[in-house]
Amino acid sequence: MSLLNRRTLLLALPLLAAACGFTPVHAPGGTGSALYGRVEVQAPEEIKGATGTDAYFLVQNLEQRLGRGGSAAYKLDLTLSTQEEGQAITADNEITRYSVIGTADYSLTRLSDGNIASSGTVRNFTGYSATGSTVETLAGERDAHERLMVILADQITAQILATADLSAQAE
């Protein structure tokens, strides 16, 4: 393909995307701007299956991405579970590395009519080393849990922004 054809194709891509109904998520009228500050995220102590710190960090990260629901038109309900699995085992049967696996179910409900605008499940993992001192291991474990909640919040937000049906937005 010649250089002129490549440039022409690159210049035509935005027009093709606009013609197919593509709207950037954070553009005016996009899903991101329509939802920002309008989602009430479930309180950490109400999240089923979660430990206090995991729930707190998940809610904190979701509120950073979706805004705090001051004029909420939607409610985000969550279920969270985490588990730790040993990954590296020495010949003496000592675990030297752990994976923290997290699964979050979410449901975004429109408050005006009770319809579910988006729902799904996200799953991911992080890890930490258990070869240092007790303090180092505990700090690594806490950090792994915090990083996992950032990842799960990113995944939930991306899926909501990509799939939410806002056709009957609450005023």
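Please read all numbers here as calculations on a predicted model, not as lab measurements.

Draft legend 1. Inspection of the overall build of the protein chain at higher detail. Helix and strand counts for the protein chain stand at 4 helices and 4 strands. The N-to-C order of helical and strand elements in the protein chain reads α-α-β-α-β-β-β-α. Looking at the protein chain as a whole, 34% of its 171 residues qualify as buried. Pairs at least 24 apart in sequence give 67% of the contacts found in the protein chain among residues at least 6 apart. Of the roughly 9900 Å² that the protein chain leaves accessible, carbon and sulfur atoms contribute 55%.

Draft legend 2. Structural context of the sheet that holds strand β2 (residues 74-89). Here 4 strands make up an open sheet; going across it, the order is β1-β2-β3-β4 and the pairing mixed. Among the strands making up the open sheet, the edge pair consists of β1 (39-41) and β4 (116-129). On average, adjacent strands in this sheet sit at an angle of 25° to one another, irrespective of strand direction. Here strand β3 (residues 95-110) runs beside β4; their pairing, made up of 13 bridges, is antiparallel. The residue of β4 that forms the bridge with I101 is F125. Against the sheet, helix α3 (residues 52-66) engages β1 and β2, with an angle of about 125° to β2. Relative to β4, helix α4 (residues 134-163) is tilted by about 155°, and along the sheet it contacts β2, β3 and β4.

Draft legend 3. Region of the structure containing the packing of aromatic side chains. Under the definition given, this model contains 2 aromatic pairs. A centroid spacing of 5.3 Å and a plane angle of 70° characterise the contact between Y56 and F57, whose relative ring orientation is edge-to-face. For Y56, a relative accessible area of 44% gives the class partly exposed.

Draft legend 4. Here's a closer look at the pattern of salt bridges. Counting across every chain of the model gives 6 salt bridges. Where R68 meets E63, a salt bridge forms, and the shortest distance between an N and an O atom there is 3.4 Å. Judged by relative accessible area, which is 63%, R68 ranks as exposed. The salt bridge partner of K75 is D77, with a shortest N-O separation of 3.6 Å. Overall, D77 belongs to the partly exposed group, its relative accessible area being 29%.

Draft legend 5. The arrangement of the pairing of β3 in detail. Judged from the 15 bridges that link them, β2 and β3 form a sheet pairing that is antiparallel. Note that in β3 the partner of D77 across the bridge is S107. Hairpin geometry of β2 and β3 is characterised by an intervening segment of 5 residues between the two adjacent antiparallel strands and by a positive phi of about 65° at N93. Hairpin connection of β3 to β4: 5 residues between the antiparallel strands, including G114 at a positive phi of 80°.

Draft legend 6. Seen up close, the environment of E45. For E45, the position within the fold is in the loop between β1 and α3. Here the alpha-carbon distance between E45 and Y56, two residues 11 residues apart in the chain, equals 8.0 Å.

Definitions and limits used
- Residues numbered from 1 in each chain as written.
- Predicted model: local features only at pLDDT ≥ 70, side-chain atom pairs only at ≥ 80, totals over all residues.
- Heavy atoms only, no water.
- Helix = DSSP H or I, 4+ residues; strand = E, 2+ residues; numbered from the N terminus.
- Buried < 20%, exposed > 50% of the residue type's maximum accessible area, 1.4 Å probe, protein only.
- Contact = heavy atoms within 4.5 Å.
- Areas by Shrake-Rupley, 256 points an atom, 1.4 Å probe, with all protein chains shown as cover.
- Pairing = 2+ DSSP bridges.
- Axes fitted to C-alpha atoms, helices over the stretch in contact; angles between N-to-C directions.
- Phe/Tyr/Trp six-rings, centres within 6.5 Å; stacked < 30°, edge-to-face > 60°.
- Salt bridge = Lys/Arg side-chain N within 4 Å of Asp/Glu carboxyl O.

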